[in-house]
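Read off the chains here:
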Amino acid sequence: MNNNNINPLLSRSVLPQFDKIEVCHVEPAVESLVAEAKEIFTRVENSVIQDWDNIMEPLQDINWLFERVWGPIAHLNGVKNSPELREVYEKVLPGLVEFQTGMGQSKAIYNALKNIKAGPQWVQMSNARRRSVEKRILAAEMCGVGLGEEDRKRFNEIEQKLSRLGMKFSNNILDSTKAFSLDLTEKEQIEGLTSTFLELASQSWNRANPDAGSLSTPENGPWRITIDGPGYIGFMQFAKNRELRHKVFMAGITIASSNDFDNTGMIPQIISLFQEKASLLGYRSYAHMSTAEKMSGSPDAVNNLYSQIVDPARQAAQSDINELEEFARRNGQVESLEPWDYGYWAKRMEEKILGYKDDDLRPYLPEPRILDGLFQLAEKLFDITVESADGQAPVWNSDVRYFILKNSSGTPIAAFYYDPYSRPENKRGGAWMDNCVTKCIFNGESLLPVAYICTNATPPAGNKPSLMTMNEVTTLFHEFGHALQHMLSSVDVSDVSGINGIEWDAVELASTFMENWCYHLPTLLDMARHYETGETMPEELARKIVAGKTFRVGSMVTRQILLGKFDLELFTYFPDNGTQNPVEFFHRLAREILVTKVCPEDKFPCAFAHIFAGGYTAGYYSYIWSDVLSSDAFAAFEEAGLDNEDAIKKTGIRYRDTILSLGGSKHPREVFREFRGREQNISAFLRHRNFQ
Ligand code: ZN
């Protein structure tokens, strides 16, 4: 395949040719991509004229090239995976990463960017352009571009060590999780467990005993209990047998903390390396370095937020646990509650209070109705229309839909693909939004933004439509929120258009904001209609769903604060202020923050991959930070009056023209201020969680 004319990945069509792309096209396309990008890059590095047109413009073109050639490949790897695709994907990836790292660390480009910032053009440049230059300068500095020879060598060494340790850390968690299993044979041991759970436990047993000829059945066992995510939670919430719960719980809190898979010793090594990296770059600590790139700006700002939330959250958590103890006592538990009882009784209490199960809601949440409801909401709030445009774009699977967004005068402004259903054989789990085309100007042509929305909802069965759970509905709203921010962008500098360039702790604002509407009674009642009869969901049921949103939220928020504070303080003070032994430090903080007991054996830090092996290092707080922003943003609509159509529309337009449209082109603090007329505060966050 040498002829570029017939390689669909290299075609200049605006939308990827998903009907034509084959695995054999990947390698030659990536080769051509890298060659072309390198050529542009070399030209930029050697450019004598250092201004926007000669430096930044070509760098944006490189973005465009990657998006057009690599974008569809990465996308297909997630939604239409195959052993062949994975093989070639893994083969070409290192070359791409190397090119991008080299680009980020280029001293010539770094100097050119600084010259642009110091040059005569700067004051007249648009916000978007200035932000994109500044963000590239900061990113290059974070990659060690400003360091001298020796320091830079050490910096790269640290990066490599961290990536090796991070990999080992995650693998230990996986291997240690896999190493535990508990086989049950007696019916009294499985009392309370759901039929779905038993089905999986029976399958697990059969897989582990291939010679037994599928001896296990969901009804008669044997059943294999595991401690991977769903296995652990399912057992802790439903197993009646308290002794077994204790046993499985102990396995869950000691993952990767002993024997062959022990992360204990690696934790101080990882933190020290992060601290050293920060100090090479002139930061007081890694927490200072991490927050410098985020909306919060400093560890102090985050601590300030925690200090306002922790007391109300603890009070709420205290009444949660009082109620839970009372409930457990009334329902037959004689012993005082221990950590392995919390999950079980909380689930019983939830069932009792809410009086429905996830599956009971499904008939009222048929996907076509939910989509209509979501689009009507977007139309009402943001003065746009969403129109089905199936057939107007090639797709990778026949279930995939294509939609076009139009403004109030009927002009198309954006589009998106929607890949709704779970396809375990070739689509990854979870839900996500990704850019297909970023709004930008390329070769004088203005490109409209296009998004991918991918979820793993229940597929339609027989002649029934897909019947969703409430969780699937909020997930769809969440991803649509991200997509709106991508699609309603008014920025055409691709570095900072849509969700690009938005600080990590602010990027979940637009997504969680949309989730709020699922729990807004009139919106919910409007879209929740029975798939056969068309009847509206009974109001009492809808009210319970809305009430369920705050069930035991105090306990959840205190846990979030614990993890966030542990992360932030560890990476601020290590090895001082009692952080020398991270596991002990975790227990000290837990005693301060939680109102419930923590087992002395708890080795949670050994399994905290988010911060020791993922991208959340000194950034775990981002979850709460974003929640505060989205609560406060939603409160603007509440203040305007949720029943007042005109006021809602006005607020919606303001939200569209600030949060959704400015994207990464301004600091999120400024964007938020433009929408809200002030900085964010926590009162709506507290009120929405009944914390007062
Ligand atoms: Zn998200």
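Residues numbered from 1 in each chain as written. Predicted model: local features only at pLDDT ≥ 70, side-chain atom pairs only at ≥ 80, totals over all residues. Heavy atoms only, no water.

J.: Is there a simple way to explain the coordination of the zinc ion in this structure?
T.: Ideal geometry at a metal gives 109.5 degrees between four tetrahedral donors and either 90 or 180 degrees between six octahedral ones. Every protein donor of the zinc ion is accounted for by His478 (NE2), His482 (NE2), Glu508 (OE) and Glu508 (OE), and the metal-donor separations fall at 2.1 to 2.7 Å. Here the zinc ion is ringed by 4 donor atoms whose angles at the metal span 51 to 137°, and the overall shape comes out irregular. (Donors = N, O, S within 2.8 Å, 3.2 Å for Na, K, Ca; no water. Tetrahedral: all angles 85-135°; square planar, octahedral: opposite > 155°, others 65-115°.)

J.: Quick question: what am I supposed to make of the nonpolar core here?
T.: Nonpolar side chains in soluble globular proteins generally cluster together in the buried interior. Counting 147 residues, the largest nonpolar core has Phe382, Phe416 and Phe612 as the members making the most contacts within it. No other element matches the 9 residues that helix 20 (residues 553-573) contributes to this core. Beyond its immediate sequence surroundings of up to four residues, Phe416 is in contact with Phe375, Val386, Arg401, Tyr402, Phe403, Leu405, Val450, Ala451, Ile453, Phe480 and Met487. Counting 66 residues, the second-largest nonpolar core is a separate cluster that includes Leu9, Val69, Phe99 and Trp122. (Core = buried A, V, L, I, M, F, W, Y, C linked by side-chain atoms within 4.5 Å. Buried < 20%, exposed > 50% of the residue type's maximum accessible area, 1.4 Å probe, protein only. Helix = DSSP H or I, 4+ residues; strand = E, 2+ residues; numbered from the N terminus. Contact = heavy atoms within 4.5 Å.)

J.: What should I look at first to understand the pattern of salt bridges in this one?
T.: Opposite charge on two side chains lets them pair, provided their charged atoms get close. By the definition in use, this model includes 35 salt bridges. The closest approach of N and O atoms between Lys117 and Glu134, which form a salt bridge, is 3.2 Å. A residue pair is termed long-range when its members are at least 10 positions apart, and Lys117 in helix 4 (residues 107-118) and Glu134 in helix 5 (residues 127-142) qualify at 17 residues. In this structure Lys117 comes out as partly exposed when scored by relative accessible area, which is 37%. The partner of Arg329 in a salt bridge is Glu326, and the shortest N-O contact between them spans 3.2 Å. (Salt bridge = Lys/Arg side-chain N within 4 Å of Asp/Glu carboxyl O.)

J.: Looking at this structure, how should I read the sheet that holds strand 7 (residues 412-421)?
T.: Consider a sheet: its strands pair through backbone hydrogen bonds, and that pairing is either parallel or antiparallel. With mixed pairing, the 5 strands of this open sheet are ordered in space as 5-6-7-11-8. The outermost strands of the open sheet, each flanked by one partner alone, are strand 5 (385-388) and strand 8 (432-437). Strand-to-strand twist of the sheet, defined as the mean angle between neighbouring strand axes without regard to direction, takes the value 25°. Across 4 bridges, the pairing between strand 5 and strand 6 (residues 401-406) is antiparallel. What sits directly across from Ser388, in strand 6, is Phe403. Strands in contact with helix 16 (residues 470-487) are strand 6, strand 7, strand 8 and strand 11 (450-457); relative to strand 11, the strand with the most contacts, it is inclined by about 170°. (Pairing = 2+ DSSP bridges. Axes fitted to C-alpha atoms, helices over the stretch in contact; angles between N-to-C directions.)

J.: Is there a simple way to think about the environment of Pro668 in this case?
T.: Topologically, Pro668 is positioned in helix 25 (residues 668-676). A residue is classified by how much of its surface remains accessible, and Pro668, at 10% relative accessible area, is buried. The spacing of Pro668 and Met295 is 373 residues in sequence and 6.3 Å in space, taken between C-alpha atoms. Ignoring sequence-local partners within four residues, the contact set of Pro668 consists of Arg131, Met295, Glu503 and Ala506.

J.: How do you make sense of helix 13 (residues 339-354) when you look at a structure like this?
T.: At 3.6 residues per turn, the α-helix brings residues three or four places apart onto the same side. For helix 13, built from 16 residues, the straight-helix expectation of 22 Å at 1.5 Å per residue is met to within 8% by its first-to-last C-alpha distance of 23 Å. Every buried residue belonging to helix 13 is among Pro339, Trp340, Asp341, Tyr342, Tyr344, Trp345, Ala346, Lys347, Arg348, Met349 and Leu354, and all of these are buried. Those residues of helix 13 hidden inside the fold are in contact with helix 8 (229-238), helix 9 (242-252), helix 12 (299-330) and helix 19 (539-548). (Expected span 1.5 Å × (residues − 1).)

J.: Got a minute to help me understand the domain arrangement of the chain in this structure?
T.: Interface size is often expressed as the accessible area that is lost when the parts come together. According to the domain assignment, the chain consists of domain 1 (8-146) and domain 2 (180-254). Domain 1 and domain 2 are separated by 48 Å when their C-alpha centres are compared. (Domains from an automatic or database assignment.)

J.: What should I look at first to understand the packing of aromatic side chains in this one?
T.: What characterises a pair of aromatic rings is the spacing of the ring centres plus the angle enclosed by the ring planes. For the structure shown, the criterion picks out 46 aromatic pairs. Centre to centre, the rings of Phe566 and Phe586 are 5.3 Å apart; their planes meet at 85°, and the pair counts as edge-to-face. Here the residue Phe566 occupies a position in helix 20, and Phe586 occupies one in helix 21 (residues 582-593), the gap between them amounting to 20 residues. Relative accessible area serves as the criterion here: at 0%, Phe566 is assigned to the buried category. Taking relative accessible area as the criterion, Phe586 reaches 1% and is therefore assigned buried. Grouped by ring-pair contacts, the aromatic residues Trp504, Phe566, Phe585, Phe586, Phe604, Phe608, Tyr616, Tyr620 and Tyr623 constitute a single cluster. (Phe/Tyr/Trp six-rings, centres within 6.5 Å; stacked < 30°, edge-to-face > 60°.)

J.: Hey, could you run me through helix 5 in this one?
T.: End to end, helix 5 covers 22 Å across 16 residues, agreeing with the expected 22 Å (1.5 Å per residue, within 8%). For helix 5, every residue scored as buried is listed here: Ala128, Arg131, Ser132, Val133, Arg136, Ile137, Ala140 and Met142. Those residues of helix 5 hidden inside the fold are in contact with helix 2 (52-79), helix 3 (83-104), helix 4, helix 6 (149-179), helix 11 (286-292) and helix 25. At the exit of helix 5 stands Gly144, carrying a positive phi of roughly 85°.

J.: I keep staring at the pairing of strand 8 and nothing clicks. Help me out?
T.: On any regular strand, side chains alternate: one points to one face of the sheet, the next to the other face. Burial within strand 8 is extensive, with 5 of its 6 residues counted as buried. Two strands pair when backbone bridges link them, and strand 8 and strand 11 are joined in this way by 5 bridges, in the antiparallel orientation. What sits directly across from Met433, in strand 11, is Ile453.

J.: When you look at the environment of Pro368 in this model, what are you seeing that I'm missing?
T.: With respect to the helices, strands and loops of the structure, Pro368 is situated in helix 15 (residues 367-382). Between the C-alpha atoms of Pro368 and Asp53, which are 315 residues apart in sequence, the distance is 47 Å.

J.: Is there a simple way to explain the side chain of Asp602 in this structure?
T.: Secondary-structure assignment places Asp602 in the loop between helix 21 and helix 22 (609-612). For the buried Asp602, no salt bridge is present, and the opposite-charge side chain at shortest range is Arg559, 5.2 Å distant. At 2.9 Å, the side chain of Asp602 and the backbone nitrogen of Phe604 are in polar contact. If we ignore the near neighbours within four places in the chain, the residues touching Asp602 are Ile253, Val583, Phe586 and His587. (Lys, Arg positive; Asp, Glu negative; His and termini not counted. Polar contact = N/O pair within 3.5 Å; in protein donor to acceptor, adjacent residues only side chain to side chain.)

J.: Even after reading the chapter, I still don't get the packing of helix 16 against helix 17 (residues 509-518), so can you show me in this structure?
T.: In a pair of packed helices, the angle between the axes and the distance between the axes together describe the arrangement. Running from N to C, helix 16 and helix 17 cross one another at 140°; their axes reach a closest spacing of 7 Å. If you check the angle between helix 16 and helix 17, you find them oblique. Along this stretch, helix 16 crosses helix 17, giving a crossing that reads as right-handed. On the side of helix 16, the interface is formed by Met470, Val473, Thr474, Phe477, His478, Phe480, Gly481, His482, Leu484 and Gln485, while helix 17 contributes Ala510, Ser511, Thr512, Met514, Glu515, Trp517 and Cys518. Classifying every residue of the contact of helix 16 with helix 17 gives 9 nonpolar, 7 polar and 1 charged. (Parallel < 35°, antiparallel > 145°, perpendicular 65-115°, else oblique. Left-handed = near helix turned anticlockwise from the far one by under 90°. Nonpolar A, V, L, I, M, F, W, Y, C, P; charged D, E, K, R; others polar.)

J.: Explain the pairing of strand 11 here, please?
T.: Counting buried positions along strand 11 gives 7 out of 8 residues, so the element sits mostly inside the fold. Here 6 bridges tie strand 7 to strand 11, and the two strands are oriented parallel to one another. Each bridged residue has a counterpart across the sheet, and for Ala415 the counterpart in strand 11 is Val450.

J.: Explain the packing of helix 15 against helix 16 here, please?
T.: Viewed as axis vectors pointing N to C, helix 15 and helix 16 meet at an angle of 40°, and their least axial separation amounts to 11 Å. Our classification of the angle between helix 15 and helix 16 gives oblique. The interaxial crossing formed by helix 15 with helix 16 has right-handed handedness. Between helix 15 and helix 16, the contacting residues are Ile370, Leu371, Leu374, Phe375, Leu377, Ala378 and Phe382 on the first element and Val473, Leu476, Phe477, Phe480 and Leu484 on the second. Per-class residue counts for the contact of helix 15 with helix 16 are 12 nonpolar, no polar and no charged.

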